[in-house]
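The chain contents come next:
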Amino acid sequence: MSCPAVRRQTGMTNYATTSQGDHVAYDLRGGTGPAVVFVTGAGPDRADDPITAETAQRVADAGLTAITFDRLGRGESPAEGRLDLDRELAAVAAMIDVAGGSAVLVGHSSGCALSLRAAAAGLPVTGLALWEAPWATPRRRRRRGPTRSSACSTPTTTRTRCGTT
């Protein structure tokens, strides 16, 4: 999955080209220590995610290499056509290549799932830090028990046409 990222730079933003031909915008901070790649959730890009930017800067200030990037279809990382898991993983692989060939992935929200999939796919992931993953454990779902909707007369623990969960 991993291939050498083609890099170019314009102004403060750097760009890499994935194995699938997508262009990924990223910011590189630090650059001398082990790498940390931040994988955001589905909504934000680098320009509107000050918490990730500040965290990346603190990581760089501590002597590590920090990379934040716009996921495909967000910010300065355009994406046409179908955006699937293979393209998303190719973007993560390109960021790992930019980082020097291996990295800790820091995932937030849907970035958790993408980070886990990258590690499972065999990308050179040296560690994972994940928060606010978009799923519940099976045990947690059981504890909540059945719920009722005013529009439904039978309890359920799965999504129904009434919209209960």
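Before reading further, recall that the structure is shown in the block above.
What comes next is a walk through the structure. (Residues numbered from 1 in each chain as written. Predicted model: local features only at pLDDT ≥ 70, side-chain atom pairs only at ≥ 80, totals over all residues. Heavy atoms only, no water.)

### Section: the nonpolar core
Within the largest apolar cluster, 23 residues are counted, with the highest numbers of intra-cluster contacts made by Tyr26, Val37, Ile67, Phe69, Val92, Met95 and Leu105. Elements with a contribution of two residues or more to this core: strand S3 (23-29), strand S4 (35-39), strand S5 (65-69), helix H2 (85-98), strand S6 (103-108) and helix H3 (110-120). Here the element with the most residues in this core is H2; it accounts for eight residues. Not counting the four nearest positions on each side in its chain, Val92 is found in contact with Phe69, Leu105, Leu114, Ala118 and Leu123. Judged by nonpolar contacts, the second largest core, of seven residues, contains Val36, Phe38, Ala60 and Val106. (Core = buried A, V, L, I, M, F, W, Y, C linked by side-chain atoms within 4.5 Å. Buried < 20%, exposed > 50% of the residue type's maximum accessible area, 1.4 Å probe, protein only. Helix = DSSP H or I, 4+ residues; strand = E, 2+ residues; numbered from the N terminus. Contact = heavy atoms within 4.5 Å.)

### Things to note about the environment of Val104
Positionally, Val104 belongs in strand S6. Given a relative accessible area of 25%, Val104 falls into the partly exposed group. The spatial distance from the C-alpha of Val104 to the C-alpha of Val125 is 5.7 Å, given a sequence separation of 21 residues. With residues near it in sequence (within four places) discarded, Val104 still touches Ala35, Val36, Val37, Thr126, Gly127 and Leu128.

### Digging into the pattern of salt bridges
Evaluation of the coordinates by the stated rule reveals seven salt bridges. With its nearest N and O atoms 3.1 Å apart, the salt bridge here joins Arg46 to Asp70. Of the two residues, Arg46 sits in the loop between S4 and helix H1 (50-61) while Asp70 sits in the loop between S5 and H2, which places them 24 residues apart along the sequence. Using a relative accessible area of 14% as the deciding quantity, one classes Arg46 as buried. Overall, Asp70 belongs to the buried group, its relative accessible area being 2%. (Salt bridge = Lys/Arg side-chain N within 4 Å of Asp/Glu carboxyl O.)

### Digging into H2
The end-to-end C-alpha distance of H2 is 20 Å, a good match for the 20 Å that 14 residues give at a rise of 1.5 Å each. The buried fraction of H2 is high, at twelve of 14 residues. Among the residues trailing H2, Gly100 stands out with phi positive, at a value near 115 degrees. (Expected span 1.5 Å × (residues − 1).)

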